[in-house]
Amino acid sequence: MIGTVLCYVLLPAARLLRALRDAFFICRKNVLLAKSASTQVEGLFAATEGRSVPEEQEALLQQWLEEGAGNLPASESAPAVGKVLATLASDWLEGSELLMTSLSDLNSAPEVTWCAGQQLTELHTLASSEPQDHAVAELGKLPAEETVAVVGSAPWAAVVPQADHQIVGCAAVDVEGQNEDPAVLAWSLAHDAEIVPVVPPAWTVQDVEQFPPLPTEVPYHEILWREWEDLSVQPYVLEQVSKNMPLFEFRVMSYNILAQDLVEQSLDLYLHCHPDILNWNYRLPNLLQEIQHWDPDVLCLQEVQENHYWEQLEPTFRMMGFACFYKRRTGRKTDGCAVCYKHSKFQLIGVSPIEYFRPGLDILNRDNVGLVLLLQPLLPEELDLKMVSPLCVANTHVLYNPRRGDVKLAQMALLLAEIDKIAKTTEGSHYPVILCGDLNSVPDSPLYKFIRNGQLSYHGMPAWKVSGQEDFSQQLHPRKLLAPLWPSLLGVTENCQYVSLCPSKKSDRHKYSRDFLLQFRFCDVACERPPQLILLEGVTDAKPDRPAHWPKHAAVVNDPDPQPFFPRSSGIIQHDLNLTSVYSHFLPQRGRPEVTTMPMGLGATVDYIFYSAEPVENGNTGSRRLYQDGALKLLGRLSLLSEDVLLMANGLPNPFCSSDHLCLLASFGLEISSLREG
């Protein structure tokens, strides 16, 4: 602010004082408008708008006016005016601290400056009519740390210096204390660079009307600041690095991008949004820019509208180096799931789309889908591909309905059975698995615990309780889960495996076909009334009459069509994939839960990235299983936000985040085992 004001020290004193006072008044008002009700702020500033500046400032300016700017040497005029401006700047920064209390959770910043775009434009207009050489010379004498950058916007804009001395988009950046991750620093200015507005790169999309770009003064990552958490400094990872263990590193993103058809069908969910930011032609460039910025190697998307995928997304992703697969929801639904991977990092081994809809089954009568891919990581030419394990990547979007947890559980069982089939090795174990998706279930819900702990006792559980989205405990007759959850004709066991792939197990019990059993219905034993049966006239006194053509002694033959034996359901569903979550679902530094979406203004976590890990022996704490990284190691993740931070940005979607979900991003390392053994 001081640096900006010094540009106008040669203006007439009256105009200078008036411009400064008006700008100071309006900016402080904007700060309070962000914190208080509009009526309170209007009343407060109505009483203070006419107040004069302090007497010391008036006296200095009056002296400067009487003597004349031209008669004062530079050594005298500059300090005098500087003293006034320093006091004004102090008051200005004091007012800015009101808003810093709301942004302190985003960045531990030493200072924040706020300015109204209208006042900044007015000052520039004044400056253009007067000489500025002397002011520029004085500005150059100021130490760098006293220069306060001012960014104009409407109605207000913020520049928040970060705790690591990285000032986004407005000043030099000190990156010595940062990790060298290009996705985190790609949008930042270089060290000691000039003050240049950040213009994010825009992808040109065919057949899309170009809306005005986002305001460069308030980029997405400056308002909704998300830290990159480097997990490679954990002790066990450092131990592996000391042993020179090679890793194949890659990034995975999971993102529900909000299908446009669903927006237009449920506009009542987005009343807080300006209609322009809900337009697909506005949202698409933002989504592509965000994906380009974080540069994932594997991209799992949900709510991908089919026509947008084939006409815009798939061609653009192909230009970005992705190979893509898409599965539309069944029925008349227009959106689905997509999995894309960089063909420079992986090659495809197999792909399996999944449809959860099963005609005639009430528990699987919804149109949700999933995708399962088996990918082979690509190593340098001098290394054999067998040195690194294939990777199984699954993506799904589970039913939303909070009351139908039984459907969600059955859909998840089908997905896990497909993963078991795709990822199973010849030895009976599994390749590393990464499971992404919008599961429409909250952390620590029964469905979440089933995925993470590998087991769930569901018999008698209310269906609404499975996902934990809403509490329907006051409902008189809630739907309950009964064992078995699905019929045997589905061909999936309660171990979430296909029957055809299950190893045969010997059993003392047998199950025979219907035709085989019918040959005994008129045998002597079947035609005799059991003596212990209570005699009820017309009910239990009837004796079957053997047809004349029926042989008296039927010859017993072997069953020509034996059926697989299904043991009696225990009401317990389980799997053996050993999956754990990338995120902890809690922000310890803020004492608040993480959220990935904000339906109706309420934050919730429903999006996940699970990955294969190794259970810790004797490490179970109650109902929670503990894991440690195995061949697949979690190296980093993009932090999530809390509900209050998203409310500061007017929830989701907003002008900077064009979906009603946040993207999830994680960095993994896959062991190159043969090199380690060598």
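Each value, and the rule that gives it
Counting restarts for each chain, with residues numbered from 1 along the sequence as it is written. With the structure being a predicted model, the display of local features is reserved for residues of pLDDT at least 70 and the display and counting of side-chain atom pairs for 80 or more, all residues being used for whole-chain, interface and lining totals. Side-chain measures here rest on the full set of heavy atoms in the structure, leaving out hydrogens and waters. The axes are straight lines fitted to the C-alpha atoms, using for helices just the contacting stretch, and the angles between their N-to-C directions are given from 0 to 180°. Helix and strand assignments come from DSSP, with helices taken as H or I runs of at least 4 residues and strands as E runs of at least 2, each series counted from the N terminus. If an angle is under 35 degrees, it is roughly parallel; if it is over 145, roughly antiparallel; if it lies from 65 to 115, roughly perpendicular; otherwise it is oblique. The crossing is said to be left-handed when, going from far helix to near helix, the turn is anticlockwise and less than a right angle, and right-handed when the turn is clockwise. Throughout, a contact is declared for two residues whenever any of their heavy atoms are within 4.5 Å. Put simply, Ala, Val, Leu, Ile, Met, Phe, Trp, Tyr, Cys and Pro go in the nonpolar bin, Asp, Glu, Lys and Arg in the charged bin, and everything else, Gly too, in the polar bin. Note on pairing: DSSP must find at least two bridges between two strands before they are called paired. Summary of the burial criterion: residues with accessible area below 20% of their type's maximum are buried, those above 50% are exposed, and those between are partly exposed, where the area comes from a 1.4 Å probe applied to protein chains only. Each reported salt bridge corresponds to a side-chain nitrogen of Lys or Arg within 4 Å of a carboxyl oxygen of Asp or Glu.

> What is the right way to read the packing of helix α12 (residues 280-294) against helix α13 (residues 306-319) from this model?
In a packed pair of helices, the relevant descriptors are the angle between the two axes and the axis-to-axis distance. In contact at an axis separation of 12 Å, α12 and α13 are set at 30° when each is read in the N-to-C sense. As summarised for this structure, α12 and α13 are arranged roughly parallel, according to the angle between their axes. Crossing angle aside, the handedness with which α12 passes α13 is right-handed. Here α12 contributes W280, L284, L288 and I291 to the contact with α13, which in turn contributes H308, Q312, L313, T316 and F317. Taken together, the residues of the contact of α12 with α13 break down into 6 nonpolar, 3 polar and no charged.

> Can you walk me through the environment of Y498 in this structure?
Relative to the elements of secondary structure, Y498 occurs in the loop between β12 (455-457) and α16 (514-518). In contact with Y498, not counting residues within four places along its chain, are L414, A417, E418, K421, G491 and V492.

> Before we go on, may I ask you to explain the sheet that holds strand β10 (residues 391-397) in this structure?
Within the open sheet, the 6 strands sit side by side as β8-β9-β10-β11-β17-β14. Their pairing is mixed. Each edge of the open sheet carries a strand with a single partner, namely β8 (346-355) and β14 (579-581). For this sheet, the mean angle separating the axes of adjacent strands, direction not counted, is 20°. Across 6 bridges, the pairing between strand β9 (residues 369-377) and β10 is antiparallel. Bridged to L371 within β10 is N395. Lying over the sheet, helix α14 (residues 405-423) contacts β8, β9, β10 and β11 (433-438), oriented at roughly 165° with respect to β10. Of the strands in this sheet, β11, β14 and β17 (607-612) touch helix α15 (residues 446-453), which is tilted by about 125° from β14.

> Is there a simple way to explain the pairing of strand β20 (residues 632-638) in this structure?
Side chains on a regular strand alternate between the two faces of the sheet. Where burial is concerned, most of β20 is hidden: 7 out of the 7 residues are buried. Relative to β20, strand β3 (residues 228-230) is paired through 3 bridges, and the arrangement is antiparallel. Along β20, the bridge assignment pairs W228 with L638.

> What's the story with unusual backbone geometry in this structure? I'm lost.
Peptide bonds are, in most cases, trans, and in most cases residues other than glycine have a negative phi. At the junction of A483 and P484, the peptide bond is cis and its omega measures out at -5° in the coordinates. Within the secondary structure, P484 sits in the loop between β12 and α16. Of the consecutive residues L652 and P653, the connecting peptide bond is found in the cis state with omega at -10°. Relative to the helices and strands, P653 resides in the loop between α17 (643-648) and β21 (664-671). Not every positive phi belongs to a glycine, and N578 is a case in point at roughly 55°. For N578, the location among the structural elements is in the loop between β13 (572-574) and β14. In this model, H585 sits at a positive phi of 70°, which is unusual for a non-glycine residue.

> How should the sheet that holds strand β7 (residues 335-342) be read in this particular structure?
Hydrogen bonds along the backbone pair up the strands of a sheet, which may run parallel or antiparallel. The strand order across the open sheet formed by 7 strands is β3-β20-β21-β4-β5-β7-β6, and the pairing between neighbours is mixed. If you trace the sheet from one side to the other, it starts and ends with β3 and β6 (322-328), each paired once. On average, each strand axis in the sheet is inclined to that of its neighbour by 20°, with strand direction left out of account. Direction of pairing for strand β5 (residues 298-305) relative to β7: antiparallel, over a ladder of 6 bridges. Directly across from V298, in β7, lies its bridge partner Y341.

> What exactly am I supposed to notice about the pattern of salt bridges here?
Oppositely charged side chains can form a pair if their charged atoms are brought close together. Considering all chains together, one arrives at 14 salt bridges under this definition. R328 is the partner of E306 in a salt bridge, and the nearest nitrogen-oxygen pair spans 3.4 Å. In this pair, E306 is assigned in helix α13 and R328 in strand β6, connecting sequence segments 22 residues apart. By relative accessible area, which is 30% here, E306 ends up partly exposed. Residue D335 is joined to R329 by a salt bridge in which the shortest nitrogen-to-oxygen separation is 2.8 Å. Under the relative-accessibility criterion, D335 is labelled buried at 2%. Residue R329 is classed as buried on the basis of its relative accessible area of 17%.

Honestly, it's all geometry; don't read function into it.
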